[in-house]
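Residues per chain are reported as follows:
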Amino acid sequence: MTVTLTDIAISDNRLILDGQEVDSVSGETFERTSPAHDVVVARYAKGGADDVARGVTAARRAFDAGPWPRRAGVERSRVLRRVADLIRRDRDQLARIEALESGKPITQAYDEVDASAELWDYAATLARHSYGDAHNDLGPDVLAMVVNEPLGVVSIITPWNFPLLIVSQKLPFALAVGCTAVVKPSELTPGTTVHLARLIIEAGADEGVVNVVTGSGGVGSAMSAHPDVDMISFTGSTEVGRKVAAAGGQLLKRIELELGGKNPQIICADSDLDAAADAVVFGVYFNAGECCNSGSRVLVQRSIADDFVAEVVNRARRVPVGDPLDPATKVGAIVSDEQLAVIERYVSEGRSGDAELLLGGDRLASDNGRFYQPTVFANVRPEMSIAREEIFGPVLSVLTFETLDEAVGIANSTMYGLSAGIWTRDINAALSASRALRAGTVWVNRWMDGYPELPFGGYNASGEGRELGRQAIGSFTQTKTIQLQVGDRTTRWVPAAHHLGGLS
Ligand code: NDP
């Protein structure tokens, strides 16, 4: 479907609290302007700490007294499956909102919507598998059960780069096990999250199970500091992740953080260089580089570096940058003036260091959009900021290495550890590097593929905890051990019981 600006009607959105669409306590609103076109595309209620409190109260009540955590897994599963179907039904609308608010190409917005529906489907399957363990070999008079119980109320705080996908990496898994939630989308891209919440209600979730507070400047911190919240799940920068951890840690909440990355792709001389060059170009320019998994740091073996980099530049030069609504566009607009300023700062640091600017390095001339040229820096040294820090823009930093050990050392030398990749035809090199790379995901001869079945998260400053996969059940549950006396007591107290009960 081709979308044009003339199709766009400004949507009016309120907060979603306790199953209702309501104004914020202050009555204030804010607007979202499309970063590619500078036109207002949506209006939202401006929530504040009072609205967070309303959302937490609703979620708490839904958890403590409502049917959701008490429903059979199969019933929750049906609701989640219906949400997946409704996402597919509203595919055009969701993709359009995502492209307009974030500036991403419409084709990539469609991919994001489709991947999000898959996540809801997968979580629907997990909802029927949240079972624990039984121990029947502890002695003749005891049977023990280990059960997974839903953690409670979860605060979910999501960023602007993949708004629908990232909320779908968290929320359906929380709901699958019986948790309830308050969600705060980025104020730059709230549209798909608000729409999703409407779909969740339409799918049959009980009142108060999902609440959405739009706004900024204090909403997030109110959510991480609220005493009735049991868990905070945050995706965003490492800097704010630390604040979330500090606030939540003080109150001993469970914390799950998916933070940034400066992800290295190691290109060995013996690899399929054509496939590697494709992956490098895709890896760094996908979503305009506004991607935690961006392959923004490429380490090339010195013997092939000049030719390989020339090929990457050649391909990068042909990447179509432009209007997100044009299906031919591969790199859309940068999400905001602030993010554009971040990119410009890093590029100017790269220019003033010894790095060699081979491509781009400037905004793209346009009437009203925020576009940045695909940019390539070569001869980057590991200690430079463009080699160490997350830029979140279409900027590639190329470094070189002689031996694989050296490459792994450079790859592991930032504070991050979200993902990494190695390109080689040598299976031993691939396996030893995969083990040595300190990253939550390692791709060998591929880049950035993700599956709902596979856990995702970071080492070091890239995060804490894991999303997706079967492990997601553990992320949103806590374990309870139940022991049953079977018949008359036949065993003596074991030593541990002395400590617990002080028996003789
Ligand atoms: P931030 O990491 O700064 O996060 C902003 C969000 O965090 C807002 O929703 C804000 O809510 C909330 N927040 C702020 N303080 C707290 C707190 N103490 N407790 C809980 N929530 C809080 O994202 P930005 O949009 O400012 O992006 C900045 C940089 O982050 C980018 O340049 C990029 O490098 C990185 N980033 C990384 C992402 C990733 O996927 N890993 C995604 C997006 C950005 P409120 O406004 O209400 O306070």
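Residues numbered from 1 in each chain as written. Predicted model: local features only at pLDDT ≥ 70, side-chain atom pairs only at ≥ 80, totals over all residues. Heavy atoms only, no water.

**Let's talk about the site of the ligand**
Then step 1. Near the ligand lie 25 residues; those nearest to it are W160, K184, G217, S224 and S237.
Then step 2. With respect to the ligand, the backbone of L259 contributes an N or O atom lying 3.2 Å from a nitrogen atom.
Then step 3. About the coverage of the ligand: the protein hides 81% of its 900 Å² of free accessible area.
Then step 4. Looking at the shell around the ligand, the elements with two or more residues in it are helix 7 (219-225), strand 11 (231-235) and helix 8 (238-250).
Then step 5. Ranked by residue count, the leading element in the shell around the ligand is helix 7, at four residues.
Then step 6. Considered class by class, the residues forming the shell around the ligand number ten nonpolar, twelve polar and three charged. (Near = heavy atom within 4 Å. Polar contact = N/O pair within 3.5 Å; in protein donor to acceptor, adjacent residues only side chain to side chain. Areas by Shrake-Rupley, 256 points an atom, 1.4 Å probe, with all protein chains shown as cover. Helix = DSSP H or I, 4+ residues; strand = E, 2+ residues; numbered from the N terminus. Nonpolar A, V, L, I, M, F, W, Y, C, P; charged D, E, K, R; others polar.)

**Quick look at the domain arrangement of the protein**
Then step 1. What the domain assignment reports for the protein is domain 1 (19-259) and domain 2 (264-444).
Then step 2. The straight-line distance from the C-alpha centre of domain 1 to that of domain 2 is 31 Å.
Then step 3. Contacts between domain 1 and domain 2 engage 24 residues on the former and 27 residues on the latter.
Then step 4. Between domain 1 and domain 2, the buried area comes to about 2,000 Å², and carbon and sulfur atoms account for 58% of it.
Then step 5. At the boundary of domain 1 and domain 2, one finds one salt bridge. (Domains from an automatic or database assignment. Contact = heavy atoms within 4.5 Å. Buried area = accessible area lost by both parts, 1.4 Å probe. Salt bridge = Lys/Arg side-chain N within 4 Å of Asp/Glu carboxyl O.)

**What to know about the sheet that holds strand 18 (residues 419-423)**
Consider a sheet: its strands pair through backbone hydrogen bonds, and that pairing is either parallel or antiparallel.
Then step 1. Reading across from one edge, 15-16-17-14-13-18-19 is the order of the seven strands in this open sheet, with mixed pairing throughout. Whereas interior strands pair on both sides, the edge strands pair on one side only; in this sheet they are strand 15 (356-359) and strand 19 (441-444). With direction set aside, neighbouring strand axes in the sheet form an average angle of 20°.
Then step 2. As paired elements, strand 13 (residues 264-267) and strand 18 share three bridges and run parallel to each other. Along strand 18, the bridge assignment pairs I266 with I422.
Then step 3. Set on the sheet, helix 13 (residues 404-411) makes contact with strand 13, strand 14 (297-301), strand 17 (395-401) and strand 18; between it and strand 17 the angle comes to about 145°. (Pairing = 2+ DSSP bridges. Axes fitted to C-alpha atoms, helices over the stretch in contact; angles between N-to-C directions.)

**Some words on the pairing of strand 4 (residues 29-33)**
Look at any regular strand and the pattern is simple: side chains alternate between the two faces of the sheet.
Then step 1. Side chains F30 and R32 of strand 4 all project onto a buried face; the interleaved residues T29, E31 and T33 project onto a face where none is buried.
Then step 2. Pairing geometry for strand 4 and strand 5 (residues 40-45), over five bridges, is antiparallel. Across the sheet, residue E31 finds its bridge partner in strand 5, namely R43. (Buried < 20%, exposed > 50% of the residue type's maximum accessible area, 1.4 Å probe, protein only.)

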